[in-house]
Amino acid sequence: MPRRRQRPRESPALVAFGRQVRRMREAKEVKQETIAHLTKVSAPQVSKIEAGKRRATRAFVETVDDHLEAGGALINLWEDLNKDGHPVPIWFDWPQIEADAAMLICWQHSVIPGLAQTPEYALAIVHGNQEASDLRISRQAILSRDDERGPAIVLFLIEEQVLYHQVGTAETMKKQLEHLIEISMLPNVTVQVVLSRGDHDGNMGAFVLATMEDRSEVAYAETAIRSITTDDPADLSVLARTLVDLRARAVTQDMSRELIRKVAEEIWT
């Protein structure tokens, strides 16, 4: 699995853009609530954009630019920040997106998704790097968070062959599959196995689709070179079609549990 490039928690470019939005909004004496209503983005998310803690989508920028009569100034600034040779700016912070998400759909065709890994499995994946393993396991807190948002709703779509792909020892695999069954019992978690039959678009790479509280979507995709994040409508459309295909090939949660249990007992015991 490609190692994710670390990004700064705060980008000067993102902060500068947010300040410009706030400056123009206040100059027109427009409230954040008005912007939230126009853009169909929650007021807290508008606040995060202005504070430089969240990236604005192009649709958001176009609506705000028009309402504030900015004459394309905000759009031009947003475009300038995107001209860095990447699908999205390098300051797009996936860990924060994942932590804030209301719902996550995780597709994996090679290993158990990070949010469902046991400590032993995670440690084997990162080749014994304890710090990296601990960080990965800490991200799983979203499955049981007890703040006002409640736990994230998570769907794990796992390719059947992942159950047979040995990571670590046989005991590590047995515990991992048992853990997969255990978390599938949580009311906010669904685990479905996608049968290994025929070719499909999911073979192109693993990805996670995050749906935020304001219903906007951001995707994280793994490639052979690096991992990327994107909220480009064209990219999201491709992933949506891929998910339709994957869900059609997946067995039910109950059947998935039985299959996982059978592999754990017959292959890894």
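Residues numbered from 1 in each chain as written. Predicted model: local features only at pLDDT ≥ 70, side-chain atom pairs only at ≥ 80, totals over all residues. Heavy atoms only, no water.

A few points about the pairing of strand β3 (residues 189-194)
Next up, step 1: With respect to burial, β3 is a largely interior element, 5 of its 6 residues being buried.
Next up, step 2: Note that strand β2 (residues 153-159) and β3 share 6 bridges and pair parallel. Residue pairing for β3: Phe-156 is matched across the bridge by Val-191.
Next up, step 3: With helix α9 (residues 170-183) bridging β2 and its parallel neighbour β3, the resulting β-α-β unit is right-handed. (Buried < 20%, exposed > 50% of the residue type's maximum accessible area, 1.4 Å probe, protein only. Helix = DSSP H or I, 4+ residues; strand = E, 2+ residues; numbered from the N terminus. Pairing = 2+ DSSP bridges. Right-handed = clockwise from strand over helix to strand, strands pointing away.)

Observations regarding the side chain of Gln-192
Next up, step 1: Inspection of the secondary structure assignment puts Gln-192 in strand β3.
Next up, step 2: Gln-192 gets classed as buried once you look at its relative accessible area, which sits at 8%.
Next up, step 3: Polar side-chain contacts of Gln-192 include one of 3.2 Å to the side chain of Arg-247.
Next up, step 4: Side-chain polar atoms of Gln-192 contact the backbone oxygen of Val-251, separated by 3.0 Å.
Next up, step 5: Excluding residues that lie within four positions of it along the chain, Gln-192 makes contacts with Leu-155, Phe-156, Leu-157, Ile-158, Arg-247, Ala-250, Val-251, Thr-252, Gln-253 and Ser-256. (Polar contact = N/O pair within 3.5 Å; in protein donor to acceptor, adjacent residues only side chain to side chain. Contact = heavy atoms within 4.5 Å.)

Looking at the packing of α9 against helix α11 (residues 253-266)
Next up, step 1: One can describe the packing of α9 onto α11 by two numbers: an axis separation of 9 Å at closest approach and a directional angle of 165°. By the angle between their axes, α9 is roughly antiparallel relative to α11. For the element pair α9 and α11, the recorded crossing hand is left-handed. In this structure, α9 uses Lys-174, Leu-177, Leu-180 and Ile-181 to contact α11, whose residues at the interface are Arg-257, Ile-260, Arg-261, Val-263 and Ala-264. (Axes fitted to C-alpha atoms, helices over the stretch in contact; angles between N-to-C directions. Parallel < 35°, antiparallel > 145°, perpendicular 65-115°, else oblique. Left-handed = near helix turned anticlockwise from the far one by under 90°.)

Here we look at the nonpolar core
Next up, step 1: Counting 41 residues, the largest nonpolar core has Trp-94, Leu-104, Phe-156, Leu-163, Leu-180 and Ile-260 as its most contacted members.
Next up, step 2: For this core, the leading source of residues is α9, giving 5 residues.
Next up, step 3: When sequence neighbours within four positions are dropped, the list of residues in contact with Leu-104 reads Trp-94, Glu-98, Leu-115, Ile-142, Ile-153, Val-154, Leu-155, Val-208, Leu-209 and Ala-210.
Next up, step 4: If you look at the next biggest cluster of nonpolar residues, it comprises 19 residues, including Phe-17, Val-61, Leu-74 and Ile-75. (Core = buried A, V, L, I, M, F, W, Y, C linked by side-chain atoms within 4.5 Å.)

Quick word on the environment of Asn-129
Next up, step 1: Mapped onto the secondary structure, Asn-129 falls in the loop between α7 (119-125) and α8 (130-138).
Next up, step 2: Along the primary structure Asn-129 and His-179 are separated by 50 residues, whereas in three dimensions their C-alpha atoms are 21 Å apart.
Next up, step 3: Of note is the side chain of Asn-129, whose polar atom sits 3.0 Å from the backbone nitrogen of Ala-132.

Notes on α11
Next up, step 1: Taking 1.5 Å as the rise per residue, α11 with 14 residues should run 20 Å; its terminal C-alpha atoms sit 20 Å apart, in good agreement.
Next up, step 2: Residues of α11 that are buried: Gln-253, Ser-256, Arg-257, Leu-259, Ile-260, Val-263 and Ala-264. Within α11, the buried residues cover an arc of 165° as seen down the axis, which keeps them to one side. Exposed side of α11, more than 90 degrees from the buried face: Asp-254, Met-255, Glu-265 and Glu-266 are the residues found there.
Next up, step 3: Lining the buried residues of α11 we find α9 and β3. (Expected span 1.5 Å × (residues − 1). Arc of directions from axis to C-beta.)

As for the pattern of salt bridges
Next up, step 1: Counted under the stated rule, the structure contains 14 salt bridges.
Next up, step 2: When the shortest N-O distance is used, the salt bridge between Arg-149 and Asp-100 registers 3.5 Å. In this pair, Arg-149 sits in the loop between α8 and β2 while Asp-100 sits in helix α6 (residues 94-100), placing the two residues 49 residues apart along the sequence.
Next up, step 3: What makes Asp-100 buried here is its relative accessible area of 15%.
Next up, step 4: Where Asp-254 meets Arg-257, a salt bridge forms, and the shortest distance between an N and an O atom there is 2.8 Å. On the criterion of helical spacing, the pair formed by Asp-254 and Arg-257 is a turn pair, its members being 3 residues apart in helix α11.
Next up, step 5: According to the relative accessible area criterion, Asp-254 is exposed, its value standing at 53%.
Next up, step 6: For Arg-257, a relative accessible area of 13% gives the class buried.
Next up, step 7: Here the residues in one salt-bridge network are Arg-22, Arg-25, Glu-26 and Glu-50, joined through shared partners. (Salt bridge = Lys/Arg side-chain N within 4 Å of Asp/Glu carboxyl O.)

Geometric descriptors of this kind do not, in isolation, establish any biological role.
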